[in-house]
Amino acid sequence: MASESSPLLAYRLLGEEGTALPLNGAGAPGGASAQKLSTFLGVVVPTVLSMFSIVVFLRIGFVVGHAGLLQALAMLLVAYFILALTVLSVCAIATNGAVQGGGAYFMISRTLGPEVGGSIGLMFYLANVCGCAVSLLGLVESVLDVFGTDATGPSGLRVLPQGYGWNLLYGSLLLGLVGGVCTLGAGLYARASFLTFLLVSGSLASVLISFVAVGPRDIPLTPRPGPNGSSLPPRFGHFTGFNSSTLKDNLGAGYAEDYTTGAMMNFASVFAVLFNGCTGIMAGANMSGELKDPSRAIPLGTIVAVAYTFFVYVLLFFLSSFTCDRTLLQEDYGFFRAISLWPPLVLIGIYATALSASMSSLIGASRILHALARDDLFGVILAPAKVVSRGGNPWAAVLYSWGLVQHFGSMARLLAPAQLVLLAGKLNTLAAVVTVFYLVAYAAVDLSCLSLEWASAPNFRPTFSLFSWHTCLLGVASCLLMMFLISPGAAGGSLLLMGLLAALLTARGGPSSWGYVSQALLFHQVRKYLLRLDVRKDHVKFWRPQLLLLVGNPRGALPLLRLANQLKKGGLYVLGHVTLGDLDSLPSDPVQPQYGAWLSLVDRAQVKAFVDLTLSPSVRQGAQHLLRISGLETTMLMKVFLWKIPGGMKPNTLVLGFYDDAPPQDHFLTDPAFSEPADSTREGSSPALSTLFPPPRAPGSPRALSPQDYVATVADALKMNKNVVLARASGALPPERLSRGSGGTSQLHHVDVWPLNLLRPRGGPGYVDVCGLFLLQMATILGMVPAWHSARLRIFLCLGPREAPGAAEGRLRALLSQLRIRAEVQEVVWGEGAGAGEPEAEEEGDFVNSGRGDAEAEALARSANALVRAQQGRGTGGGPGGPEDGDTEGPTTALTFLYLPRPPADPARYPRYLALLETLTRDLGPTLLVHGVTPVTCTDL
């Protein structure tokens, strides 16, 4: 157990005194000193203040006056329905494990991965800084309504100059105050928030009491200019007290112009303002790094805050509809002050709410930015935001958002710090954009929870259970629908921005140790469809090669590894390796630590292959293990029996390098993909691959596999009904043919196919048997690879000495036409030399399996080798035998496919068999010896 690695071991379940320690986020980066806020101070207070913002004081009349009570309640229900769905998802994720700093960004990125999490995290950061600006704009608006030189009403003091520049100055000064509090840390922010919470609660209590205690009165409205600039008579709104007629008049909608912007209001624009005031549900989650127990505090505190704010909003909607006429609601959004028993208390509440909401947005944005910088997703651009104080306060992230516009100018427009957003104009203009950004983040949280639920991972077991995939899916759909309802342009732009950021992060690369839900979803879906993959329903027209390539040392097998990748045609490709040893005599399994090196090899070689390693006393036994268990087996439950159906996603073809005396080459030294600089720049490649695999075997040194076992391995595969491919001299292939590109080379090459067993001297129908057709199929598959598109396929027909030319060629051309294979067909005479006078056939009919003498078989193999070499490098004209002797101009043969005879039944003949194969393929260049045992071609549609 001492060698086991588990994240839980880092928690030390018992302290030094034997006391139990809680399994929460205390082990997260940042230290315990930074996590000291309770549920009330860290979640409830900031969430309530963020959800109230300036809407609760300055936009209740706006919403009810334009939408009417019924539509206002409908808007509120829709808004809180969307928020409730997202809160359920937040609660589920937050109670599934330790939540570190970053809140919603941390949840999304650790679930959906750095690409989606980083892009949405940056957009959520934008939403928070925009939310800070919206709160400050509301605060400036409310201050100037009372103290501005253009202020109206009897209580206007008219001491502050107004104008666009002055408004910007006021907003910047207030932002400096907010930034100063946030820079000093979460402790001061929590105390300031609690103080503002008391002020806001007292102000709201006075407003609620005023609705009951104040009698009917007329309230002067802001004067509007006349048609020619003349002044219109004073206008008044009416506070009627509780009146059923007033309620009846306020039930229906009455959309009109917004007197602050002059824009005509509608359902979407009013809902955008209302929803923006309710979008603070993540304020507590954003403080996850400063909470004592975020897994408990976030769900509990968020639910309490949402319920409390909903009750207050509903109560204010009803009281306003009962007591205020439509004119007052539409023409004076700050009417709370006019009906209050003590108006200054309402002003205090407005200012406190706006300041607290802006503080919450700015400190939440800084925590998200710090988490983004700590994860290093955007490189040096966000590097300054990593700086923290001794207590873990990310003060640099606060200053980064606060002062970026002053230092970076145009770049600030991309990151949207709060000061820059102040230039945008009035509150209602920003509401739609901010709301859309919040909805994108909420949809991502719902999608994260939905993905975890659909993945059915055993470790997803949140203690909060009041959710399901239905609520998550409904939450995603609701957020997307409302985005486009509020502002189609902003919604489309936000999704486009998210896609661009995700593409940037994908190209840049990100951490691979977070545990992405995409892998769990893929596993779930693969398992699901594998259960439906019944090999008994396979059809030959959908056959594809599924290769198992046995590799001893990849240093000498890189060309073959890439060639096999080209031959798979979208099928399964498994790299197999046998480690010699006996587990009984070893302290641990030596195979498991090797997987990392082999997976890095697959990544570096850019092949689409799985890796399967095994431990066995001999290579032959290990090859048998891999042939039986590699891949994915289809399993079906029938009645009470568990049937394993071989096939499905299992190798059907064994690929081996040729067994000869050629000195091994170290392709790691010559392949650019395996150079040391590349090793040092890739994640997970240290130590370098060159140190993870031993150097190639020295010439003359003993091998792990004897010639007898090599042939026996081939025989074992054929007995197990597996096709076999032996590759010789694959290292001599042109480099462009092994690349992943189009292979656009000026020199043309041939791919030669000999679909007849050349160790059987007679002709006949041998070239259209199952094995011959398998050769044609494999050569055709290779021609479908872009790197081999320009290669010309040539098929050679071997005629007996008494066989008339042309007849066999016609039959083969007709077959090729049915199989949709484009190739040049050439006839060559075969059988005139060795074996020409032999009888027709003996048992299995070839020199390998017959009892003929070694000298005669060797002569036949040399003759066949000379025949093949004579056709390599020749053109394609002239007649059945090709061009005239000596004509070596034109394309050369890049790869030769030869018919691989079955190994002899007598193991004593295995060395002779291997020697004949060596003679047959000597000096032929890159050659594939292929023996197919399964039908692979079909002429049906």
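Every value quoted in this text rests on a predicted model; they were computed, and no experiment measured them.

## Brief notes about the overall build of the chain
Now for step 1: A tally of helices and strands in the chain yields 30 helices and 14 strands.
Now for step 2: Looking at the chain as a whole, 53% of its 941 residues are labelled buried.
Now for step 3: In the chain, once contacts between residues fewer than 6 apart in sequence are set aside, the share between residues at least 24 apart is 79%.
Now for step 4: Of the roughly 40400 Å² that the chain leaves accessible, carbon and sulfur atoms contribute 61%.

## Some points on the packing of helix 26 (residues 707–719) against helix 30 (residues 910–920)
Now for step 1: With their axes 9 Å apart at the nearest point, helix 26 and helix 30 run at an angle of 85 degrees to one another. Compared by their axis directions, helix 26 and helix 30 come out roughly perpendicular. The residues of helix 30 that touch helix 26, namely those facing P707, Q708, Y710, V711, A712 and A715, are Y910, P911, Y913 and L914.
Now for step 2: Across the contact of helix 26 with helix 30, the residue classes break down as nine nonpolar, one polar and no charged.

## Topic: the environment of N721
Now for step 1: Summarising the element assignment, N721 is placed in the loop between helix 26 and strand 9 (723–728).
Now for step 2: Sequence separation of N721 and N652 is 69 residues, and the distance between their C-alpha atoms is 7.8 Å.
Now for step 3: Non-local contacts of N721, meaning those with residues more than four positions away in its chain, are made with V933 and T934.

## Some words on the nonpolar core
Generally speaking, a soluble globular protein has its nonpolar side chains buried in company with each other.
Now for step 1: In this structure, F57, F211, M282, Y313, L316, F317 and F336 are the most contacted members of the largest nonpolar core, which totals 148 residues.
Now for step 2: When residues no more than four places from it in sequence are discounted, the contact partners of F57 are V200, S203, L204, V207, Y333, F336, V346, G349, I350 and T353.
Now for step 3: Listed in part, the 66 residues of the second largest apolar core include A564, A597, F774 and A808.

## Remarks on the sheet that holds strand 8 (residues 653–657)
Now for step 1: If you trace the ten strands from one edge of the open sheet to the other, you get 5-4-3-8-9-14-13-10-11-12, paired in mixed fashion. Both outer strands of the open sheet, strand 5 (610–616) and strand 12 (824–829), are each paired with one neighbouring strand and no more. Strand-to-strand, the axes of this sheet are offset by a mean angle of 25 degrees, without reference to chain direction.
Now for step 2: Direction of pairing for strand 10 (residues 749–754) relative to strand 13 (residues 892–899): parallel, over a ladder of six bridges. When the sheet's bridge partners are listed, D752 is paired in strand 13 with T896.
Now for step 3: Strands strand 8, strand 9 and strand 14 (927–931) of the sheet are contacted by helix 26, whose axis makes an angle of about 170 degrees with strand 8.
Now for step 4: Docked against the sheet, helix 27 (residues 770–783) engages strand 8, strand 9, strand 10, strand 11 (792–799), strand 13 and strand 14, running at close to 150 degrees with respect to strand 13.

## Section: the environment of L626
Now for step 1: Structurally, L626 can be placed in helix 23 (residues 619–629).
Now for step 2: Sequence separation of L626 and L575 is 51 residues, and the distance between their C-alpha atoms is 9.8 Å.
Now for step 3: Once residues within four sequence positions are removed from consideration, L626 is found in contact with L548, L550, G576, H577, V578, D612 and T614.

## Observations concerning the confidence of the model for the chain
Now for step 1: Here the chain averages 77 in pLDDT, and 77% of its residues register 70 or above.
Now for step 2: Segment residues 404–426 is flagged for pLDDT under 50; beyond a separation of four residues in sequence, or across chains, it makes 50 contacts in the model.
Now for step 3: Confidence drops under pLDDT 50 across residues 633–647; counting only partners more than four residues distant or on other chains, this segment forms 30 contacts.

## Side note on the packing of aromatic side chains
Now for step 1: Inspection of the entire model under this criterion finds 21 aromatic pairs.
Now for step 2: Measuring from centroid to centroid gives 6.2 Å for F40 and F194, while their planes differ by 75 degrees, and the two rings are edge-to-face. With a gap of 154 residues between them, F40 in helix 1 (residues 39–52) and F194 in helix 7 (residues 186–213) connect regions that are remote in the sequence.
Now for step 3: Relative accessible area serves as the criterion here: at 36%, F40 is assigned to the partly exposed category.

## A short note on the environment of M282
Now for step 1: Tracing the backbone through its elements, the reader meets M282 in the loop between helix 9 (267–277) and helix 10 (294–323).
Now for step 2: A relative accessible area of 2% places M282 in the buried class.
Now for step 3: Expressed as a C-alpha distance, the spacing of M282 and S50, which sit 232 residues apart in the sequence, is 8.9 Å.
Now for step 4: For M282, the residues in contact, after removing those within four places along its chain, are T86, V90, A104, F124, Y442 and V445.

## Comments concerning the pattern of salt bridges
Now for step 1: Enumeration over the complete set of coordinates arrives at eleven salt bridges.
Now for step 2: With a shortest N-O distance of 2.5 Å, R562 and D671 are connected by a salt bridge. Of this pair, R562 sits in helix 21 (residues 558–567) while D671 is found in the loop between strand 8 and helix 24 (676–681), placing the two residues 109 residues apart along the sequence. The pair R562 / D671 is uniform in exposure class, with both members buried.
Now for step 3: Across the salt bridge formed by R922 and E918, the nearest N and O atoms sit 2.6 Å from each other.
Now for step 4: A relative accessible area of 34% places R922 in the partly exposed class.

## So, helix 4 (residues 104–112)
Now for step 1: Of all nine residues making up helix 4, nine are buried, and the element is well covered by its neighbours.
Now for step 2: All of the buried residues in helix 4 are A104, Y105, F106, M107, I108, S109, R110, T111 and L112.
Now for step 3: G113, located one to two residues past helix 4, shows a positive phi value of around 100 degrees.

## Overview of unusual backbone geometry
Peptide bonds are trans in most cases, and residues, glycine excluded, mostly fall at negative phi.
Now for step 1: Of note in this structure, A729 is not a glycine but carries a positive phi near 60 degrees.
Now for step 2: As for its position among the elements, A729 is in the loop between strand 9 and strand 10.
Now for step 3: A729 sits in the partly exposed class, given a relative accessible area of 37%.

## Looking at the pairing of strand 5
Now for step 1: Among the seven residues that make up strand 5, six are buried, leaving the element largely enclosed by the rest of the structure.
Now for step 2: Note that strand 4 (residues 573–580) and strand 5 share seven bridges and pair parallel. Bridging across to strand 5, V578 finds its partner in T614.
Now for step 3: Between the parallel pair strand 4 and strand 5, the chain is carried across by helix 22 (residues 595–605), and the sense of this crossover is right-handed.

## Some points on the packing of helix 1 against helix 10
Now for step 1: Relative to each other, helix 1 and helix 10 sit at 35 degrees, their axes nearing to 8 Å. The chirality of how helix 1 crosses helix 10 is right-handed.
Now for step 2: Taken together, the residues of the contact of helix 1 with helix 10 sort by class into 14 nonpolar, five polar and one charged.

## Points about a nonpolar patch on the surface
Now for step 1: Side chains of L195, L199, I209, L341, W342 and I348 sit close together on the surface and give an oily, nonpolar patch of about 590 Å² of accessible area.
Now for step 2: Top element by residues in the nonpolar patch is helix 7. It accounts for three residues.
Now for step 3: Tracing the backbone through its elements, the reader meets I348 in helix 13 (residues 343–374).

Conventions adopted
- Residues numbered from 1 in each chain as written.
- Predicted model: local features only at pLDDT ≥ 70, side-chain atom pairs only at ≥ 80, totals over all residues.
- Heavy atoms only, no water.
- Helix = DSSP H or I, 4+ residues; strand = E, 2+ residues; numbered from the N terminus.
- Buried < 20%, exposed > 50% of the residue type's maximum accessible area, 1.4 Å probe, protein only.
- Contact = heavy atoms within 4.5 Å.
- Areas by Shrake-Rupley, 256 points an atom, 1.4 Å probe, with all protein chains shown as cover.
- Axes fitted to C-alpha atoms, helices over the stretch in contact; angles between N-to-C directions.
- Parallel < 35°, antiparallel > 145°, perpendicular 65-115°, else oblique.
- Nonpolar A, V, L, I, M, F, W, Y, C, P; charged D, E, K, R; others polar.
- Core = buried A, V, L, I, M, F, W, Y, C linked by side-chain atoms within 4.5 Å.
- Pairing = 2+ DSSP bridges.
- pLDDT = per-residue confidence, 0-100.
- Phe/Tyr/Trp six-rings, centres within 6.5 Å; stacked < 30°, edge-to-face > 60°.
- Salt bridge = Lys/Arg side-chain N within 4 Å of Asp/Glu carboxyl O.
- Right-handed = clockwise from strand over helix to strand, strands pointing away.
- Left-handed = near helix turned anticlockwise from the far one by under 90°.
- Patch = residues over 30% accessible without salt bridge, like charges linked within 9 Å, V, L, I, M, F, W, Y side chains within 5 Å.

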